Amino acid sequence: MSRSLPLLRSLLALLVVEAVGVGAFAMAILGELALRGSAAPETAIFLVLALGGAAWALVAAGRALLRGSRVARGFAVTWQLFQIFGGLAVALGGGPLWAAIVGWTVVLLAVVVIVLLMMPPVIEATTRTSVHED
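Residues numbered from 1 in each chain as written. Predicted model: local features only at pLDDT ≥ 70, side-chain atom pairs only at ≥ 80, totals over all residues. Heavy atoms only, no water.

S.K.: Is there a simple way to explain the overall build of the protein chain in this structure?
M.R.: Broken down by element type, the protein chain carries five helices and zero strands. When the helices and strands of the protein chain are read in sequence order from the N terminus, they spell out α-α-α-α-α. The dimensions of the protein chain, computed from C-alpha atoms along their principal axes, are 50 × 30 × 20 Å. Within the protein chain, counting contacts between residues at least 6 apart in sequence, those at least 24 apart form 72% of the total. Averaging the locations of the 8 positively and 6 negatively charged side chains of the protein chain gives two centres separated by 10 Å. (Helix = DSSP H or I, 4+ residues; strand = E, 2+ residues; numbered from the N terminus. Contact = heavy atoms within 4.5 Å. Lys, Arg positive; Asp, Glu negative; His and termini not counted. Charge placed at Lys NZ, Arg CZ, Asp CG, Glu CD.)

S.K.: What is the right way to read the confidence of the model for the protein chain from this model?
M.R.: Do not read the fine detail of predicted coordinates wherever pLDDT is low. When pLDDT is averaged along the protein chain, the result is 89; 92% of the residues meet or exceed 70. Between the elements of the protein chain, mean pLDDT differs from a low of 88, seen in helix α5 (residues 120-125), to a high of 95, seen in helix α4 (residues 97-117). (pLDDT = per-residue confidence, 0-100.)

S.K.: Looking at this structure, I do not really get the environment of A60. What am I missing?
M.R.: Looking at the element boundaries, A60 is found in helix α2 (residues 41-67). Separated by 41 residues in the primary sequence, A60 and A19 place their C-alpha atoms 10.0 Å from one another.

S.K.: When you look at α2 in this model, what are you seeing that I'm missing?
M.R.: Working note: α-helix, 3.6 residues per turn, so residues spaced by three or four point in the same direction. Here α2 spans 39 Å end to end across 27 residues, near enough to the 39 Å set by a 1.5 Å rise per residue. Check the buried side of α2 and you find it contacts α1 (5-36), α3 (71-91) and α4. (Expected span 1.5 Å × (residues − 1).)

S.K.: Before we go on, may I ask you to explain the packing of α1 against α3 in this structure?
M.R.: Each packed pair of helices is defined by two parameters, the angle between the axes and the distance between the axes. Two numbers describe how α1 lies on α3: the axes approach to 13 Å, and their chain directions differ by 55 degrees. As far as their axial angle goes, α3 and α1 are oblique. The crossing of α1 and α3 is left-handed. Between α1 and α3, the residues in contact are L15, E18 and V22 and W79, Q80 and Q83, respectively. Residue composition of the contact of α1 with α3, by class: three nonpolar, two polar and one charged. (Axes fitted to C-alpha atoms, helices over the stretch in contact; angles between N-to-C directions. Parallel < 35°, antiparallel > 145°, perpendicular 65-115°, else oblique. Left-handed = near helix turned anticlockwise from the far one by under 90°. Nonpolar A, V, L, I, M, F, W, Y, C, P; charged D, E, K, R; others polar.)

S.K.: For this particular structure, what's the right way to read the side chain of R73?
M.R.: Turning to its location among the elements, R73 is positioned in helix α3. With near-sequence residues (within four places) excluded, R73 lies in contact with L65, L117, I123, T126 and T127.

S.K.: What should I look at first to understand the pattern of salt bridges in this one?
M.R.: For side chains of opposite charge, pairing can occur when their charged atoms come near one another. For the coordinates displayed, the defined rule picks out one salt bridge. One salt bridge connects E32 with R36, and the closest N-O pair in it is separated by 3.7 Å. One end of the pair is E32 and the other is R36, both in helix α1 and four residues apart, which spans about a single turn. According to the relative accessible area criterion, E32 is partly exposed, its value standing at 39%. Exposure remark for R36: the relative accessible area of 69% places this residue in the exposed category. (Salt bridge = Lys/Arg side-chain N within 4 Å of Asp/Glu carboxyl O. Buried < 20%, exposed > 50% of the residue type's maximum accessible area, 1.4 Å probe, protein only.)

S.K.: When you look at the environment of G94 in this model, what are you seeing that I'm missing?
M.R.: Positionally, G94 belongs in the loop between α3 and α4. Along the backbone, G94 and V122 are 28 residues apart, and their C-alpha atoms lie at a distance of 37 Å.

Right under this line is the structure:
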């Protein structure tokens, strides 16, 4: 466990960074809705709720990984794959330079998290419990 602790802490820190980013994006949508309105306010509200749920789930997954739960690893990997696809869409979408930088940053962050999730010490530290033992 001592060997995996720095890796686990790094992984948790990156999941928190992702959760903060997703939460900030949700707040930006909410702010845009409040300040400028929207042609589809229901969609904006749904996005805010969905992104808020994703941010909460990332924090919950990080906490579960710290407790040694293997189930959280599956959610974390799945989220990273979504981030890679979304980041590539933004990076390669032909938008402004800042969008490409954000997209590639998201992809890089997701790849680093996946690599950390697949490191043998992290796998060992997160296979102590299962869903039925939590």
